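Observations on chain architecture
So the chains spell out like this:
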Amino acid sequence: MTGAAGPLVIDGAAIATVDALGTEHPEGHAVVVDGRIASLGPGPAPPVDGARTVDGTGCLLTPGLVNTHHHLYQWATRGYALDSTLFEWLTELYPIWARVTQDVVGQAAAAGLAWLARSGCTTTTDHHYLFPRGAGDLLGSTVDAAGRIGLRFHPTRGSMDLGRSQGGLPPDSVVEGLDEILAASQDAVQRFHDPAPGAMVRVALAPCSPFSVSTELLRQSAALARTLGVRLHTHLAETLDEEEYCRDKHGCTPVEYLDKLGWLGDDVWLAHAVHLAQAEIGRLGATGTGVAHCPSSNARLGAGTAPARAMLDAGVPVGLGVDGAASQEAGRLVDELRQALYSARSRVDGRDSASASGPAGSKALSAREALAMATIGGACCLGRDDEIGSLEPGKLADLALWRLDGLGHAGIADPVAALVFGSAPPLELLTVGGRVIVERDELRTADEAALTADLRRASKAVRPHSPPPPTSPVPPTSPVPQITPVPQIKE
Ligand SMILES: [Zn+2]
C-alpha cells in the first residue's frame, strides 16, 4: 500500500504548492518518506539516505489532481447519443447500461482509472448508481480496479428507486427498492470504508438525481450516511429539464428541494450545480456544501455553464470532475483545468446575473484558481483537505510532476500558466502515497495493452445487437418519454 515505496526526492522542479498562501518556488525540492511529504521548499534537497532522486529540471510539481465526479462503468459505453440532451442521452443509455455485469464494470473501471492517472489524477470518486439484478458485485469490482491501478478511491454507493412507472426517468428494470438500497448502502460502508488517516478507500452514499430517486430515499440516505459518518453526493441542478421536473413535482427548485430535506451541509458535495439563483449560491456557501464542477460534460450535453466564479466568491468549495465518460468521452482531468477557465470566461452574457457582482470575461477565473479547484477544492469536497490537495510537509505524497520544457510549453515563463493555458503536458511522474503510478507518460502499475483489450471486450458486451442509430435528433416517431408528474409527496 502507501508505505511500500522507499524514500523519494524530487529536485530542481518549479513547485506550486496550492497551500493557503499560494506558495510557489521557481526551483525547489520535495522529499517523500513513508508515503508522506517529509520536506518541501526552495533550493536543492537535503541528503536523504537510500532515496531515489528524480531530476525535476524543466518540470512543475503540483498536488495530484482530485476528480470529484465520475461514473467509471460508463467508460465501456462511450460514443452513444452524441447530439442529445441529458434526458435524451439517459433514455438511450439506460437500456445499454442494464446489460452491465461485474466483469464489464471492473474492466471499464480499470481502464477509466488508468486513463485518469495518465492525466494527473491521484484521487477519484466514482458515482455508481446502476445495479441491475444478478449483475454481481459491481461496487467491489470498482474497488478492486482502483487497488490494481493504485489511485486513492472514493466510490459511492449510488442508487435509483424511481422508475418510469413511478414518474421517474429510468426504466423500472434498472431501479431497486428502498429497503434493498439502504441495506446495500450499509453493507458497502462496512465492507470498504476506511476512516483511518491515509485511507486509500472511503465510501459515500449517493442517490442518483431528483428525477430518478424518491424523496424518501433522499431523506433516509442522508440519515444513514450521518449515522455511519460518511459523506453524501448526488447530481443537482444540471439542466433546465431537471428544474422544470422539480417545480412540477415538488413546487420548488432542485436546491430548495434538497435544502428542505436537510441535504445541504459540509458533508455533502453536488455534481454540476449549473442552474442556480444567486440566493442558492449563497446558501451552498453558507452551508459549506461542495460542488463538483464538470465543465466538459456540461458543454457536451448542452446543459449550460455553471457559475463557478460566483460560487467561489460565495465560499462554495468547488472541485473539478470529468463526469461519466459516456457524456465526456475524453475523461482527462488535466484538460478540465483549461475547460473550467474557458467556461468561466464564457459567461459574459446579460443573463448571467449570478456573477454580475464579480469579475467577468477574461478575469472571471485565473490559471491558479483553476489549479486550486482541481486540487485543494476537490479535496475539500471529499473531506480530505487535511491530507491531500496541497503540497505541505505531513500531507500524503500524492504528487504530479509535469514536463514543461518540450515543444508544447517551452518559452512560457510562468509554469502554472503553461500547465493550464497550454496543452496537457507530458506527465513525468505521478505518485500516490509516494508509490509511482505513472512515469514518463507510462502507467507503471498495470499493462495498458491488456487494459485496452479488456475495455474493448467490455464495450462489445454491452453494445446493442444492432448498432446505435446515427446520432440524434431523436426521430419524431419515437419521442423521449414525457415525465408525468406523480402525486405530491407530503413533506
Ligand atoms: Zn454524473
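This text gives an overview of the structure that appears in the document. As the structure is a prediction and not an experimental result, all values here were calculated from the model. (Residues numbered from 1 in each chain as written. Predicted model: local features only at pLDDT ≥ 70, side-chain atom pairs only at ≥ 80, totals over all residues. Heavy atoms only, no water.)

Burial runs high along strand 7 (residues 121–128): 8 of the 8 residues are buried. Here 3 bridges tie strand 6 (residues 65–67) to strand 7, and the two strands are oriented parallel to one another. Directly across from Val66, in strand 7, lies its bridge partner Thr123. In the sheet, strand 7 pairs with strand 8 (residues 152–159) via 6 bridges, with the strands oriented parallel. Along strand 8, the bridge assignment pairs Thr123 with Arg152. Assessed by its sense of winding, the connection that carries the chain from strand 7 through helix 3 (residues 138–149) to strand 8 is right-handed. (Buried < 20%, exposed > 50% of the residue type's maximum accessible area, 1.4 Å probe, protein only. Helix = DSSP H or I, 4+ residues; strand = E, 2+ residues; numbered from the N terminus. Pairing = 2+ DSSP bridges. Right-handed = clockwise from strand over helix to strand, strands pointing away.)

Side-chain positions along a regular strand alternate between the two faces of the sheet. Pairing geometry for strand 2 (residues 24–33) and strand 3 (residues 36–42), over 6 bridges, is antiparallel. Bridge pairing links Val33 to Arg36 in strand 3. A loop of 2 residues connects strand 2 with strand 3, the two strands running antiparallel in sequence, and Asp34 in this loop sits at a positive phi of about 55°.

So, about the pattern of salt bridges. Taken as a whole, this structure holds 27 salt bridges when the rule is applied. Across the salt bridge formed by Arg247 and Glu243, the nearest N and O atoms sit 3.2 Å from each other. Taken together, the positions of Arg247 and Glu243, both in helix 6 (residues 240–250) and 4 residues apart, correspond to about one turn of that helix. Glu243 gets classed as buried once you look at its relative accessible area, which sits at 18%. The salt bridge partner of Glu428 is Arg440, with a shortest N-O separation of 3.3 Å. (Salt bridge = Lys/Arg side-chain N within 4 Å of Asp/Glu carboxyl O.)

Glancing now at the side chain of His272. Looking at the secondary structure, you find His272 in strand 11 (residues 268–272). What makes His272 buried here is its relative accessible area of 0%. In terms of polar contacts, His272 uses its side chain to reach the side chain of Glu238, at 3.5 Å. Once residues within four sequence positions are removed from consideration, His272 is found in contact with His69, His235, Leu236, Glu238, Val291, Ala292, Cys294, Ser297, Asn298, Ala306 and Asp323. (Polar contact = N/O pair within 3.5 Å; in protein donor to acceptor, adjacent residues only side chain to side chain. Contact = heavy atoms within 4.5 Å.)

All told, the structure shown has 6 aromatic pairs when counted by the stated rule. Both rings, one in Trp89 and one in Trp97, keep their centres 5.4 Å apart while their planes meet at 75°; by these two values the pair is edge-to-face. We note that Trp89, like Trp97, is buried. Between Trp97 and Tyr129 the ring centres are 6.4 Å apart and the planes differ by 75°, which places this aromatic pair in the edge-to-face class. Taken as a pair, Trp97 in helix 1 (residues 86–97) and Tyr129 in the loop between strand 7 and helix 3 lie far apart in primary sequence, 32 residues in all. By the burial criterion, Trp97 is buried, and Tyr129 matches it. Each residue in the set Tyr73, Trp89, Tyr94, Trp97 and Tyr129 is aromatic and connected to the rest through ring pairs, giving one cluster. Arg78 extends its terminal NZ or CZ atom over the ring of Trp75, reaching a point 3.8 Å from the ring centre. One residue, Arg157, lies across the ring of Phe131, its end atom 3.6 Å from the ring centre. (Phe/Tyr/Trp six-rings, centres within 6.5 Å; stacked < 30°, edge-to-face > 60°. Lys NZ or Arg CZ within 6 Å of the ring centre and 35° of its normal.)

What follows deals with the coordination of the zinc ion. Only His69 (NE2), His71 (NE2), His235 (NE2) and Asp323 (OD) from the protein reach the zinc ion as donors, at distances of 2.1 to 2.4 Å. Taken together, the 4 donor atoms coordinating the zinc ion and their angles of 87 to 172° define a geometry best described as irregular. (Donors = N, O, S within 2.8 Å, 3.2 Å for Na, K, Ca; no water. Tetrahedral: all angles 85-135°; square planar, octahedral: opposite > 155°, others 65-115°.)

Residue position: His275 is located in the loop between strand 11 and helix 8 (278–287). A polar atom in the side chain of His275 sits 2.7 Å from the backbone oxygen of Ala303. Apart from residues lying up to four places away in sequence, His275 is in contact with Ala237, Glu238, Thr239, Leu240, Glu243, Glu280 and Ala303.

Attention now moves to helix 6. All of the buried residues in helix 6 are Glu242, Glu243, Tyr245, Cys246, Lys249 and His250. For helix 6, the arc enclosing every buried residue in end-on projection is 160°, short of the 170-degree limit, so these residues lie on one face. Facing away from the buried side of helix 6, by more than 90 degrees, are the exposed residues Leu240 and Asp248. Looking at the buried residues of helix 6, the elements they touch are helix 1, helix 5 (215–228), strand 10 (231–236) and helix 7 (254–260). Where helix 6 begins, the side chain of Thr239 points an oxygen toward the backbone nitrogen of Asp241, at a separation of 3.4 Å. Gly251 lies just past helix 6 and shows a positive phi near 70°. (Arc of directions from axis to C-beta.)

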